[in-house]
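A closer look at the structure
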Amino acid sequence: MTSESARRGEPVSLAAALASFTDLWSPRIVTAVNDYDVRVAKVEGEHVWHVHDHTDEFFLVLEGELTIALRESAGERTVVLPKGSVYTVPRGTEHKPSAPGGAAILLFEPTGTLTVGDRHDEVPAHVDTTTGHDLD
Ligand code: NI
């Protein structure tokens, strides 16, 4: 599902999209590219450890700073993404995004990709399990 503006062939302002909701860890779909969704999300605190078995996951930090903890074959590490940074979590890599100070992010991933991946730890109440919501 893509936003109504995008469906109508109208530009979508990311600032307006982000201003249209307050939910955390609950992505909104702003447009689609082939079979990929472009989603934006407001985030603060911790997400949940999860893994996408079949797809990479692209992050662009629009505001604030995002940290992503990664469990790789060599061990666990974290990457820090200041505003304006991009990072791709490879498929099959367990990861847990967090943003102690809050952030706004853009995600690019195949339509239907679940926010909590294919496998995950127990999902806390503040994390929305979704394939993305339409903009209002
Ligand atoms: Ni993920």
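Described below are features of the structure shown in this document. Counting from 1, residues in each chain are numbered in the order their sequence is written. The model is predicted, so local features are restricted to residues of pLDDT at least 70 and side-chain atom pairs to those at 80 or more, both for listing and for counting; the totals for chains, interfaces and linings are taken over all residues. Here the side-chain values reflect all heavy atoms present in the structure, with hydrogen atoms and water set aside.

Sites may look incomplete, because water is not among the atoms used; the donor set itself consists of N, O and S atoms within 2.8 Å of the metal (3.2 Å for Na, K and Ca). The coordination sphere of the nickel ion, as far as protein atoms go, consists of His 50 (NE2), His 52 (NE2), Glu 57 (OE) and His 95 (NE2), spread over 2.0 to 2.1 Å. Read in sequence order, the donor residues coordinating the nickel ion give the pattern H-x1-H-x4-E-x37-H. One end of the pair, Glu 57, is in strand S4 (residues 57-72); the other, His 95, is in strand S7 (residues 94-110), and 38 residues separate them in sequence. For the pair Glu 57 and His 95, one class covers both residues: buried. For the purposes of this entry, the term helix denotes a DSSP run of H or I that reaches at least four residues, the term strand denotes a run of E that reaches at least two, and both are numbered from the N terminus. To sort residues, take the accessible area from a 1.4 Å probe on protein chains only and compare it with the maximum for the residue type: under 20% means buried, over 50% means exposed, and anything in between is partly exposed.

For the rest of this paragraph, the subject is the pattern of salt bridges. What counts as a salt bridge is simple: a side-chain nitrogen of Lys or Arg found within 4 Å of a carboxyl oxygen of Asp or Glu. Under the criterion given, the structure shown has 9 salt bridges. In this structure, Asp 53 and Arg 119 form a salt bridge, with 2.6 Å as the shortest nitrogen-oxygen distance. Here Arg 119 lies in strand S8 (residues 119-120) and Asp 53 lies in the loop between strand S3 (50-51) and S4, a separation of 66 residues in the sequence. For Arg 119, a relative accessible area of 49% gives the class partly exposed. The salt bridge partner of Arg 77 is Glu 72, with a shortest N-O separation of 2.8 Å. Overall, the relative accessible area of 30% leaves Glu 72 in the partly exposed class. Among the charged side chains, a salt-bridge network with shared partners connects Asp 37, Arg 39 and Glu 109.

What follows deals with the pairing of strand S2 (residues 36-46). Only strands joined by at least two bridges in the DSSP assignment are considered to pair. Two strands pair when backbone bridges link them, and strand S1 (residues 28-33) and S2 are joined in this way by 5 bridges, in the antiparallel orientation. Bridge pairing links Ile 29 to Arg 39 in S2. Following S1, the chain reverses through 2 residues before pairing antiparallel with S2; Asn 34 in that reversal takes a positive phi of roughly 50°. Looking at chain direction, S2 and S7 are connected through 10 bridges and run antiparallel. Paired with Arg 39 across the bridge in S7 is Leu 107.

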